[in-house]
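Residues per chain are reported as follows:
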Amino acid sequence: QVQLVESGGGLVQVGGSLRLSCAASGRTFSSYAMGWFRQAPGKEREFVAAISLSGGSTYYADSVKGRFTISRDNAKNTVYLQMNSLKPEDTAVYYCAAGRTTAQAMAVMTPSKATRDWGQGTQGTVSS
């Protein structure tokens, strides 16, 4: 099991930026593709971004492509999500997750089927 703890959420104005971090402990971090998901009030949890084991491949939801960047530092057991040009519709609780499949598959599979461990989430709010 991988324990995941997210941080970096907060309140930001439209057009601003946030950088989320997810620190992992437990089994070998570099053995898992990692992903970020989000859930807005009244909506289902949705895929945001995923990154391969080495970090060489990344995948994004169309809604965040060009604005968000996922990265990982396997030496620090941490995955990041840099969020720029934020919009009100980006407001959500953001979760990181360890994948039970590839990063590419995490981008298209149902979140519950694509992932094995979740963090507790961090709130990101974009005000207009």
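Residues numbered from 1 in each chain as written. Predicted model: local features only at pLDDT ≥ 70, side-chain atom pairs only at ≥ 80, totals over all residues. Heavy atoms only, no water.

S.K.: When you look at the nonpolar core in this model, what are you seeing that I'm missing?
M.R.: Nonpolar side chains in soluble globular proteins tend to end up buried together. By size, the foremost hydrophobic cluster in this structure holds 36 residues, and its most contacted members are W36, V79, L81 and Y94. In contact with Y94, not counting residues within four places along its chain, are E6, L20, W36, F37, R38, V48, F68, L81, M83, G121, T122 and G124. (Core = buried A, V, L, I, M, F, W, Y, C linked by side-chain atoms within 4.5 Å. Buried < 20%, exposed > 50% of the residue type's maximum accessible area, 1.4 Å probe, protein only. Contact = heavy atoms within 4.5 Å.)

S.K.: Quick question: what am I supposed to make of the packing of aromatic side chains here?
M.R.: Any two aromatic rings considered together are summarised by their centre-to-centre distance and by the angle between their planes. For the structure on display, the rule yields 3 aromatic pairs. Taking the centre distance of 5.8 Å and the plane angle of 75 degrees together, the rings of F37 and F47 count as edge-to-face. A residue pair is termed long-range when its members are at least 10 positions apart, and F37 in strand 4 (residues 34–39) and F47 in strand 5 (residues 46–51) qualify at 10 residues. The same class applies to F37 as to F47, namely buried. Feature note: the residues F37, F47, Y95 and W118 constitute an aromatic cluster, connected by ring pairs. Sitting over the face of the ring of Y80, R19 holds its NZ or CZ atom 4.1 Å from the ring centroid. Over the ring of W118 we find R45; its NZ or CZ atom is 4.5 Å from the centre of that ring. (Phe/Tyr/Trp six-rings, centres within 6.5 Å; stacked < 30°, edge-to-face > 60°. Helix = DSSP H or I, 4+ residues; strand = E, 2+ residues; numbered from the N terminus. Lys NZ or Arg CZ within 6 Å of the ring centre and 35° of its normal.)

S.K.: I would appreciate a short explanation of the state of the cysteines in the present structure.
M.R.: For the structure shown, the criterion picks out 1 disulfide. Across the disulfide from C22 sits C96; the S-S distance is 1.9 Å. The chirality of the disulfide connecting C22 with C96 is right-handed, given an S-S dihedral of about 40 degrees. Pair noted here: C22 is in strand 3 (residues 18–26) and C96 is in strand 9 (residues 92–99), with a separation of 74 residues, a long-range link. Taking the relative accessible area as the measure of exposure, C96 reaches 0% and is therefore buried. (Disulfide = S-S within 2.5 Å.)

S.K.: Help me understand the pattern of salt bridges, please; the structure alone is not making it clear to me.
M.R.: Working definition: two side chains of opposite charge can pair if their charged atoms are close together. Following the criterion strictly, the structure yields 5 salt bridges and no others. Notably, a salt bridge pairs R38 with D90, separated by 2.9 Å at the nearest N-O pair. Here R38, found in strand 4, pairs with D90, found in the loop between strand 8 (78–83) and strand 9; they are 52 residues apart in sequence, far enough to count as distant. For R38, a relative accessible area of 6% translates into the label buried. The class of D90 is buried, set by a relative accessible area of 1%. A salt bridge links D90 to R67; the nearest nitrogen and oxygen atoms lie 2.8 Å apart. (Salt bridge = Lys/Arg side-chain N within 4 Å of Asp/Glu carboxyl O.)

Without other data, these values stay purely geometric and don't point to any function.
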